[in-house]
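Analysis of the macromolecular model
This is what each chain is made of:
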Amino acid sequence: MKQVPFIAVEGPIGAGKTSLAEKISSHFQFHLLKEIVEENPFLGKFYNNIEEWSFQTEMFFLCNRYKQLEDVKHIYLDRGIPVVSDYHIFKNMIFAKLTLQNHHYQKYEQIYRILTKDMPEPNILIYLDASLDTLLKRIQLRNRDVEQNLQADYLKKLSEDYRMFMEQFEQDYPDIPLIRINADELDFVHQPEDWDHLSSIIENHLKRSIST
Ligand SMILES: Nc1ncnc2c1ncn2[C@@H]1O[C@H](COP(=O)(O)OP(=O)(O)OP(=O)(O)O)[C@@H](O)[C@H]1O
Ligand SMILES: Nc1nc(=O)c2ncn([C@H]3C[C@H](O)[C@@H](CO)O3)c2[nH]1
């Protein structure tokens, strides 16, 4: 059966997900699904006091992504229009495990399972990883107001959790190709030859696993 291409780009904060998703969207003419950031009214408060604001923050991201994916299914995927997104909804569980207190996590996990049961799943996943130094530099360079209090320890733990999650993902979903990119080495934002290299890898995966 033909699959409509749905690529998700994942990785820790500042790894380059949005930059890469934008490039894929314009190169392959895929619809771009971008996660909301500044619209989350809790994010700045969350970085000031994670314990106090984590439940509201995680619930907001989850509800927002649920609605976005529901819309994307009806408006694009069901009509055969390929999509690239700068997140996979599973990231909610990576963040929630890290930030929520146990009693909140128990409730959150149940809500997550209910909401994501019949969500469209990406058929190619790109995982961007980078060293802590690189991530911190890129976040500083970008200089978002809400991330002024984002701590290095938090980012380090998040990156480690991403690595573990991806190992598990590969075992649990062997049919979904996972493209691992070292974003320390590959500068697809500024180096055209790096982008050419990466876009040809993506193109080969698209040819192999999906009918466009
Ligand atoms: N491979 C790369 N090489 C050099 N610079 C990069 C690379 N990828 C991204 N950047 C730069 O790093 C910054 C962060 O990138 P971007 O916003 O795409 O990351 P992100 O993973 O989407 O972040 P977030 O998790 O906060 O949404 C941007 O200024 C971008 O231009
Ligand atoms: N707590 C928390 N849960 C999430 O699901 C989540 N998804 C993204 N983010 C933060 C990371 C960047 O600062 C910014 C942009 O990715 O938003 C999150 N934070």
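The name given to the protein in an unreviewed UniProt entry is Deoxyguanosine kinase, with Melghiribacillus thermohalophilus as the source organism. The UniProt entry for the protein carries this comment under Sequence similarities (unreviewed entry): "Belongs to the DCK/DGK family."

Here we look at helix H1 (residues 17-28)
Over its twelve residues, H1 extends 16 Å from the first C-alpha to the last, a length consistent with the 16 Å expected when each residue adds 1.5 Å. All of the buried residues along H1 are Lys17, Leu20, Ala21, Lys23, Ile24 and Ser25. On the buried face of H1, the contacting elements are strand E1 (6-10), strand E2 (31-33), strand E3 (83-85), strand E4 (124-129) and helix H8 (192-209). Where H1 ends, the next residue or the one after it, glutamine 29, has phi of about 60 degrees, a positive value.

Description of unusual backbone geometry
Positive phi, close to 60 degrees, is recorded for glutamine 29, a residue that is not glycine. Along the chain, glutamine 29 turns up in the loop between H1 and E2. Despite not being glycine, asparagine 143 has its phi angle at roughly 55 degrees, a positive value. With respect to the element layout, asparagine 143 can be found in the loop between helix H6 (132-142) and helix H7 (152-172).

With respect to the sheet that holds E4
Pairing within the open sheet is parallel, and its five strands lie in the order E2-E3-E1-E4-E5. In this open sheet, the two strands that pair with only one neighbour each are E2 and strand E5 (178-182). Taken pair by pair, the neighbouring strands of this sheet meet at an average axis angle of 20 degrees, ignoring direction. The pairing of E1 with E4 spans four bridges and is classified as parallel. Bridging from a neighbouring strand, alanine 8 pairs with leucine 125 of E4.

Conventions used here
Residues numbered from 1 in each chain as written. Chains lettered and ligands numbered in written order. Predicted model: local features only at pLDDT ≥ 70, side-chain atom pairs only at ≥ 80, totals over all residues. UniProt positions renumbered as here; feature names shortened; annotations may be inferred. Helix = DSSP H or I, 4+ residues; strand = E, 2+ residues; numbered from the N terminus. Expected span 1.5 Å × (residues − 1). Buried ≥ 20, exposed ≤ 12 C-beta atoms within 10 Å, placed from the backbone. Contact = placed C-beta atoms within 7 Å. Pairing = 2+ DSSP bridges. Axes fitted to C-alpha atoms, helices over the stretch in contact; angles between N-to-C directions.

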